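Next come the chains, spelled out residue by residue.
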Amino acid sequence: MSNDRCSITIGKRVARTSNAYERCNGDLKREYVIQNIELYNYIARQVDGNCGTFGTGYPFYALQKGLNGKLPIIAEQIRYNNALIKSVNDSEHVFWPCLECLTRNYGHMPDLKQICKTCPNIDDELKPRKLLNRLPDIDMWLVCDDNYCESAAAILISLFQKYRLLPSDIDPVKTIEELWEIARSLKTGLMPKYNLPLDAHIISYSNLALLIEKIPYEFKRALDYGEIPYLPIHPLSYRKVWQHDDTAYNFVHDFLSSLTEFNFNDDLNYLLQETRAYIANGYTFEELYDILIASGPKSVKDRHKTLQLKKTFEERIKSWQI
C-alpha cells in the first residue's frame, strides 16, 4: 500500500478494504472477531476494580446469544463504503495532504477531531476520521469499581500496548494498512496476524447500574410523551489518551441492540437480567424494534434493512423473556 499513502486514492483502498472484510462472513471471521473479544477480556481481568466487561456495536448486534450464528453481509455497509469511492472520484485533489499533517502534528494531536474537523485542505469525506469510520473495529467496555477508574485507565494503556490492541487514532495510516492485511488474510482463509482496532471505554459500576435501573422508567416516560427514549452515557474513551468525547452515546440504543456482558458480578447481572425481562415482557417486539431504529443514527435504520439483523434482534428479545 506504500504507493497509496500520499495519494487521494487511499480513500478507495479504505472502501475496498472494508468491502472485502464485510464480504468475508464465514466461520474464520467469526472466530477471529471472538479471538479479539477474548483478548480484551483477558486484559481486563488483570485490572484491579474490574466488575465485568461488555461489548456494543458490531459484531454484537449481528450474532446470536453466546456469539453464535453466521455473520450477515450488511448491504448498508457496502453502500456506505462505495459512497467513499464516489467521493474520491469526485474530488479535485490528487494528493492526500493528511499524511503530511498527521506526521507533523502527531505528537500533540490527542485525537482526529481537534485539528481535522475544521481543516479546509481536504473534503470532509476524505479526512482521516471519516476514512477510519468505514473500517471495522471492536467496541469494548470495562465496568470499573468507582474507586479504581483512574488507576484502571493508566494500567490499561500499558496492557493494550503490550498485547497490540490499540485504537485507530494512535497511527491512522498504519491502521489502514493493517486492516488491508486483515481483510486479505480472511479472504485467503488465513487467521490474521493483526488485531482489530480497539474502541475502548471505561464506565463506573454505579453509573452503569443507574443507567440500567432507569431503562424501564425512561421507556414509559418517553412513550407516554411521544418521545424517543434517551439516556446519555459519556464514558472515558481511549483515543490517543483517555478522554470524554464531545458527543454522548444513547444508552437505550446500545442496551437494546447489542450490549453483551461478560463476567458481570452477581448484583449487576441480576439487575441486567431483571430489567431485560421487564422490557421484553412489557412491550411488543414491534414496539421495541421501533425504539431500536429511532434511538440510533440514520445508518441504523438503513443497516437493519438486512433481514437477518431484524431476525437476530427478535431472537435477542425472546431470550430476555424469562
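In this convention, every chain numbers its residues from 1, walking through the sequence in written order. Selection of residues for local features in this predicted model requires a pLDDT of at least 70, selection of side-chain atom pairs for listing and counting requires 80 or more, and totals for whole chains, interfaces and linings are taken over all residues. Only hydrogens and water are set aside; all other atoms, that is, all heavy atoms of the structure, feed into the side-chain values.

Asker: Would you mind showing me how to read the pairing of strand 1 (residues 50-56) here?
Answerer: Remember that side chains alternate between the two faces of the sheet whenever the strand is regular. Think of it in three bands: residues with accessible area under 20% of the maximum for their type are buried, residues over 50% are exposed, and the middle band is partly exposed, with areas taken using a 1.4 Å probe on protein chains only. Only DSSP runs of H or I reaching four residues or more are called helices, and only runs of E reaching two or more are called strands; each is numbered from the N terminus. For strand 1, the buried fraction is high: six of the seven residues fall into the buried class. Relative to strand 2 (residues 138-144), strand 1 is paired through five bridges, and the arrangement is antiparallel. Its bridge partner being in strand 2, threonine 53 is matched across the sheet by leucine 142. We call two strands paired when DSSP finds no fewer than two bridges between them. Examined bridge by bridge, strand 1 and strand 8 (residues 260-262) share three bridges and lie antiparallel to one another. Its bridge partner being in strand 8, threonine 53 is matched across the sheet by phenylalanine 262.

Asker: I'm lost on the side chain of asparagine 41 in this one. Help?
Answerer: Within the secondary structure layout, asparagine 41 lies in helix 2 (residues 27-44). The contact criterion used throughout is that any non-hydrogen atoms of two residues lie within 4.5 Å. Not counting the four nearest positions on each side in its chain, asparagine 41 is found in contact with Thr53, Met140 and Phe262.

Asker: What am I meant to see in the packing of helix 8 (residues 205-224) against helix 10 (residues 266-282) here?
Answerer: The geometry of a pair of packed helices is captured by two quantities: the angle between their axes and the separation between those axes. For helices, the axis comes from a line fit to the C-alpha atoms of the stretch in contact; other axes are also lines fit to C-alpha atoms, and the angle between any two N-to-C directions lies between 0 and 180 degrees. It is at 10 Å that the axes of helix 8 and helix 10 come closest, and there the two elements cross at 15°. Overall, the two elements helix 8 and helix 10 adopt an arrangement that is roughly parallel. Taken as a pair, helix 8 and helix 10 cross one another with a handedness that is left-handed. Two secondary-structure elements touch here, helix 8 through Tyr205, Leu208, Ala209, Ile212, Glu213, Ile215, Pro216 and Phe219 and helix 10 through Asp267, Leu268, Leu271, Leu272, Thr275, Tyr278 and Ile279. Here the nonpolar group is Ala, Val, Leu, Ile, Met, Phe, Trp, Tyr, Cys and Pro; Asp, Glu, Lys and Arg are the charged ones; every other residue, Gly included, is treated as polar. Class assignment of the residues belonging to the contact of helix 8 with helix 10 gives a composition of twelve nonpolar, one polar and two charged. Oblique is the label for every angle not falling under 35 degrees (roughly parallel), over 145 degrees (roughly antiparallel), or within 65 to 115 degrees (roughly perpendicular). In this scheme the handedness of a crossing depends on how the near helix is turned from the far one: anticlockwise by less than a right angle means left-handed, clockwise means right-handed.

Asker: Would you take a moment to explain the sheet that holds strand 5 (residues 236-238) for this structure?
Answerer: Strand order in the open sheet made by the six strands is 6-5-3-2-1-8, with mixed pairing throughout. If you trace the sheet from one side to the other, it starts and ends with strand 6 (242-244) and strand 8, each paired once. Put simply, the sheet's adjacent strands are angled 30° from each other on average, direction ignored. Here strand 3 (residues 198-204) pairs with strand 5 via two bridges, running antiparallel. The partner of histidine 201 across the bridge, within strand 5, is serine 237. Sitting on the sheet, helix 6 (residues 149-162) is in contact with strand 2, strand 3, strand 5 and strand 6, with an inclination near 160° to strand 3.

Asker: Would you mind showing me how to read the pairing of strand 3 here?
Answerer: In terms of burial, strand 3 is a largely internal element, seven of the seven residues being buried. Here strand 3 shows a buried face lined by Leu198, Ala200, Ile202 and Ser204 and a second buried face lined by Asp199, His201 and Ile203. When strand 2 meets strand 3, the two strands line up parallel, connected through seven bridges. Considered in strand 3, the bridge of methionine 140 is made with alanine 200.

Asker: Teacher, can you tell me more about unusual backbone geometry here?
Answerer: Comment: phi is negative for the bulk of residues other than glycine, and the bulk of peptide bonds are trans. The step from tyrosine 58 to proline 59 runs through a cis peptide bond, and the omega angle for that step is 10°. Along the chain, the position of proline 59 falls in the loop between strand 1 and helix 3 (75-90). For leucine 67, which is not glycine, the phi dihedral falls at a positive 60°. Relative to the assigned elements, leucine 67 resides in the loop between strand 1 and helix 3.

Asker: Would you explain helix 6 in this entry?
Answerer: Every α-helix carries 3.6 residues per turn, so stepping three or four residues along brings you back to the same face. Each residue after the first adds 1.5 Å to the expected span of a helix. In a regular helix each residue adds 1.5 Å, so 14 residues correspond to 20 Å; helix 6 covers 20 Å between its end C-alpha atoms and thus fits that length. Every buried residue belonging to helix 6 is among Cys149, Ala152, Ala153, Leu156, Leu159 and Phe160, and all of these are buried. Two residues or fewer past helix 6, arginine 164 is found with a positive phi of approximately 55°.

Asker: In this structure, what is going on with the environment of leucine 99? I would like to understand it.
Answerer: Note that leucine 99 resides in helix 4 (residues 98-105). When the C-alpha positions of leucine 99 and proline 128 are compared, they lie 8.9 Å apart, and in sequence the two are 29 residues distant.

Asker: Is there a simple way to think about the nonpolar core in this case?
Answerer: Side chains that are nonpolar tend, in soluble globular proteins, to be buried together. Among the nonpolar cores identified, the biggest contains 65 residues, and Tyr21, Trp96, Leu142 and Phe160 are the most heavily contacted of them. Ranked by residues supplied to this core, first place goes to helix 2 with eight residues. If we skip the residues at most four places from it in the chain, phenylalanine 160 touches Tyr40, Ile43, Leu165, Leu166, Leu198, Ala200, Tyr238 and Trp242. We define the nonpolar core as a collection of buried residues of types Ala, Val, Leu, Ile, Met, Phe, Trp, Tyr and Cys that are connected through side-chain atoms lying within 4.5 Å of one another. Judged by nonpolar contacts, the second largest core, of 35 residues, contains Val143, Phe251, Ile317 and Trp320.

Asker: Teacher, can you tell me more about a negative patch on the surface here?
Answerer: Like charges within 9 Å and nonpolar side chains (Val, Leu, Ile, Met, Phe, Trp, Tyr) within 5 Å are joined into patches, using only residues over 30% in relative accessible area that form no salt bridge. Per-residue and other accessible areas were derived by the Shrake-Rupley procedure at a 1.4 Å probe size, with only the shown protein chains allowed to occlude residues. One side-chain nitrogen of Lys or Arg within 4 Å of one carboxyl oxygen of Asp or Glu is enough to make a salt bridge. Only four residue types enter the charge count: Lys and Arg as positive, Asp and Glu as negative, with His and the chain ends excluded. A charge is said to be at NZ when it belongs to Lys, at CZ for Arg, at CG for Asp and at CD for Glu. Where like charges cluster on the molecular surface, the negative patch consists of Glu286, Glu287, Asp290 and Glu314. Counting residues per element, the negative patch draws most heavily on helix 11 (residues 285-294), which supplies three residues. Its location among the elements puts glutamate 287 in helix 11. By relative accessible area, glutamate 287 is classed as partly exposed at 37%.

Asker: Sorry if this is basic, but what is going on with the side chain of asparagine 36 here?
Answerer: Among the structural elements, asparagine 36 can be located in helix 2. For asparagine 36, the side chain forms a polar contact with the main-chain oxygen of tyrosine 32, separated by 2.9 Å. Counting of polar contacts relies on pairs of N or O atoms within 3.5 Å, with two restrictions inside protein: one atom must be capable of donating a hydrogen and the other of accepting it, and residues adjacent in sequence are counted only when both atoms are side-chain atoms.

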